[in-house]
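Summary of structural features
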Amino acid sequence: MSEAQDRSASFAQGLDLIQRLGGAERPAVLDLFASIGEAEFGEQCVGFIYGDVYHRPGLPLPERQLVTVAALTALGYAGSQLGFHAKAALTVGCDRRQLVETVIQVSSFAGFPATLNALAELKTLFESLPAEAPPSGAPADVPWAGIEDRYERGLAAMKAVDGEAGEKVVAALADIAPDLATSIIEFTFGELYTRPGLSLRHREIVTVAACVALGTALPQLKVHIHGLLNVGGSEQDVIETILHLAFYCGFPAALNAIAAAREVFAQR
Amino acid sequence: MSEAQDRSASFAQGLDLIQRLGGAERPAVLDLFASIGEAEFGEQCVGFIYGDVYHRPGLPLPERQLVTVAALTALGYAGSQLGFHAKAALTVGCDRRQLVETVIQVSSFAGFPATLNALAELKTLFESLPAEAPPSGAPADVPWAGIEDRYERGLAAMKAVDGEAGEKVVAALADIAPDLATSIIEFTFGELYTRPGLSLRHREIVTVAACVALGTALPQLKVHIHGLLNVGGSEQDVIETILHLAFYCGFPAALNAIAAAREVFAQR
Amino acid sequence: MSEAQDRSASFAQGLDLIQRLGGAERPAVLDLFASIGEAEFGEQCVGFIYGDVYHRPGLPLPERQLVTVAALTALGYAGSQLGFHAKAALTVGCDRRQLVETVIQVSSFAGFPATLNALAELKTLFESLPAEAPPSGAPADVPWAGIEDRYERGLAAMKAVDGEAGEKVVAALADIAPDLATSIIEFTFGELYTRPGLSLRHREIVTVAACVALGTALPQLKVHIHGLLNVGGSEQDVIETILHLAFYCGFPAALNAIAAAREVFAQR
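None of these values were measured; they are calculated from a predicted model.

Throughout the structure, instances matching the rule amount to 6 cavities of 30 Å³ or more. One number sums up the size of the largest cavity: a volume of about 710 Å³. Residue lining of the largest cavity: 46 residues in total, with Leu214(A), Leu214(B), Thr216(B), Leu214(C) and Thr216(C) positioned closest to the centre. Looking at the lining of the largest cavity residue by residue, the classes come out as 39 nonpolar, 7 polar and no charged.

So, in structure tokens, the structure goes:
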């Protein structure tokens, strides 16, 4: 196939997907590019991202949407894109609970302002849609959810997810800010990781996505790449998530994240 | 006390504070969580943050509000939260001058776009309130304010605040970008640190907050942790500020800041 | 001249420039400062930035506007400032094509959400102006534009711009994420660096600006400082760009970028 045919096939495949994701015949992003005289570049991007990247094996479409929503939440300024991708997530089979959990999970990594901005987008989206049937199926398995004491519960969760890496973080705080360690155990692990609406693998994959998007959380990215692998994720999950996010957070963020992944993979 | 009682006490204490901070019976943040089906998690967060963290000793409420405003300014995308916390700052005893100074101080660390976005929020807030009585009390003591020459004035301020750390920054620029050093001395120190509306300790505490929020300014965070300690701040000020900000900027930002603080404390 | 006279001269020069850049007798930024009781500080800033920094030799006014637009795009949250500086860029001789190219170039470094936000600002700006005559003059020379195969074309572009540094990035990905390298070669270099509307020197200067603004892309900043020098830029271009951006991204971002520049200059 010539490159022109390649491109045309990529664009056709991308247009088809973005129409499905956005539920609209004419994607707004193509109109935006056309309005500044760049209709052709807009089509190239749709071909490249939605035609090629989104169709790569190794990360199913619903997971691509969750990592996109997590990254857009962490960026803080991407409300309009978040509205689009949250709706797209529902279209490809995520439920509202997973979206809410994803955005809430990011609060521990990017802070509450980022999460509140994203929740406001979810609110607007949910209000625009007909009421959802209550989630069906069993809630995600969270083995420590039954531990009554929040600190003990958080400790169990941290141990299961982060393993030694989490314990090292806590130990390093003992002499200088032990209460920060307590907050992490009680809030992040005792509250967030107890919640049943998102599988642990998904919880870690969106955490990795948030850390990639922040760009300032490389030590924590490493801890949670370990975490993702500890709860059943694969190295391919890590790599595909990072590659996907290059288009949402930039190639430098992706390259720095790959360097972190390389270190983690070598340690295991 | 059982955990359920603990939580209920934390939430009652948090609700009381957030009602006072926001001047409203029903905090908007609880409505937001309720609107996406997370009323209970919203209450947990209010309990955790406003019930527990805000009541920790070591950082009085007005200072918590100034560091929150500084961090939200530096984030750049948190205008709606900034409006809330700026108003709360006034409620707990900060004056408008301190808010304006905090936002202006951040310009040197996060740049003018972040500061201009925050000033627009302050403008809206101030216009919604009755005129404030002119600030009473003596203005903050700024010993070098009387030095007429801006460069000399900035040099004196930098020496007093940053000590050797500042001089090293300037020396390191001598062979490659001496005019950047001059800008820092003349603008940051000659203009900003001369302004009387914020005590030096507050100026440094909000600078630390801005650097924590940025996440990309770890070398400068260290310089200004030194600075805060040089102008009468304590190690506890540093630790409490960082712990407080974990909820606004995320735990990775807090953890990386603690690592910076550890280095600085060890050097002194 | 006394400092008071200095300042008055700087402000007069700055006011003159900002009036010209913004096309308005009364700059909105002065009104914003006045509205919060800081008319005098607003005038100091206009004097310092538009009176002094913008008049420094080494970076002509149109290039200052392109680097400003690139940095504001990468920040993601600075839409209102971006609208002002994009219009100012047109006023001082940039054409719309250069603005669009600058914003598109940043997509590879800060991600598409940042670029889409900025394109929406450009759309609003362009719609508010009379139609522009089609760009005159020859398009920028892009020697590899004629290579038909996208991968081959991207490889040629990467080699010419980044030299060895680019090859090292690709080699480092070979065993862990070769497809990320392919994306960089095909998208960043094969698509973006093929576009004729921006000279290669300008393309690299705005890339440097985006990396400075991000603050999280120091390894990539070094690669593209090499890149700027490889395509005919000077060390002064690098230094002036960084110094200029201190006021848009903060002095910490500028200081960290200077440290990166020092390393690159020493290597050559």
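There is more to say, and it comes next.
A separate point is the UniProt feature "domain: Carboxymuconolactone decarboxylase-like" (unreviewed entry) in chain A. In this numbering, the UniProt entry assigns the feature "domain: Carboxymuconolactone decarboxylase-like" (unreviewed entry) to residues 40–123 and 178–263 of chain A. Taken end to end, residues 40–123 of chain A is 81% helix and 0% strand, and its two terminal C-alpha atoms sit 34 Å from one another.

Another aspect to go through is the domain arrangement of chain A. All names here are of chain A. Segmentation of chain A into domains returns domain 1 (1–55) and domain 2 (60–129 + 197–268). One C-alpha centre belongs to domain 1, the other to domain 2; they are set 23 Å apart. Contacts between domain 1 and domain 2 engage 10 residues on the former and 14 residues on the latter. When domain 1 packs against domain 2, close to 1000 Å² is buried across both sides, 67% of that on carbon and sulfur atoms. When the buried surface of domain 1 facing domain 2 is broken down by residue, Leu21, Val53 and Tyr54 rank first, second and third, together holding 57% of it. Run the count over domain 1 and domain 2 and you get 0 salt bridges. In this structure, the connection of domain 1 to domain 2 is made through 4 residue pairs in polar contact (both at pLDDT 80 or more). Those elements that place two or more of their residues in the side of domain 1 that touches domain 2 are α1 (3–22) and α3 (39–52). Among the elements that make up the side of domain 1 that touches domain 2, the one with the highest residue count is α1 (5 residues). A per-class count over the side of domain 1 that touches domain 2 returns 8 nonpolar, 1 polar and 1 charged.

Attention now goes to the relation of the copies chain C and chain B. When chain C is fitted to chain B, the best match, at an RMSD of 0.0 Å, comes from turning it 120 degrees and sliding it 0.0 Å along the axis. Both chain copies can therefore be described as sitting about a three-fold axis. Considering only C-alpha atoms, the residue of chain C closest to the rotation axis is Tyr77(C), which sits at 3.2 Å. Looking at the interface residues of chain C, only 8% of them are also at the interface in chain B, so each copy uses its own face.

How big an interface is tends to be stated in terms of accessible area lost as the parts join. Across the boundary between the two partners, chain A contributes 40 residues, which contact 46 residues of chain C. Contact between chain A and chain C buries roughly 3500 Å² in total, counting both sides, with carbon and sulfur atoms accounting for 66%. Remark: the boundary between chain A and chain C carries 5 salt bridges. Measuring nitrogen to oxygen at the nearest pair gives 2.8 Å for the salt bridge that ties Arg56(A) to Asp179(C).

This next bit is on helix α13 (residues 235–249) of chain A. The end-to-end C-alpha distance of α13(A), which contains 15 residues, comes to 20 Å, matching closely the 21 Å that a straight helix rising 1.5 Å per residue would cover. Taken across its 15 residues, α13(A) has 13 buried, putting it largely inside the fold.

What counts, and at which threshold
- Residues numbered from 1 in each chain as written.
- Chains lettered and ligands numbered in written order.
- Predicted model: local features only at pLDDT ≥ 70, side-chain atom pairs only at ≥ 80, totals over all residues.
- Heavy atoms only, no water.
- 1 Å grid on protein atoms, 1.4 Å probe; cavity = no way out; pocket = protein on both sides within 12 Å on 5 of 7 lines; lining within 4 Å.
- Points joined across faces, edges and corners; volume = space filled by probe spheres on them.
- Nonpolar A, V, L, I, M, F, W, Y, C, P; charged D, E, K, R; others polar.
- UniProt positions renumbered as here; feature names shortened; annotations may be inferred.
- Helix = DSSP H or I, 4+ residues; strand = E, 2+ residues; numbered from the N terminus.
- Domains from an automatic or database assignment.
- Contact = heavy atoms within 4.5 Å.
- Buried area = accessible area lost by both parts, 1.4 Å probe.
- Salt bridge = Lys/Arg side-chain N within 4 Å of Asp/Glu carboxyl O.
- Polar contact = N/O pair within 3.5 Å; in protein donor to acceptor, adjacent residues only side chain to side chain.
- Least-squares fit on C-alpha atoms with pLDDT ≥ 70 in both.
- Expected span 1.5 Å × (residues − 1).
- Buried < 20%, exposed > 50% of the residue type's maximum accessible area, 1.4 Å probe, protein only.

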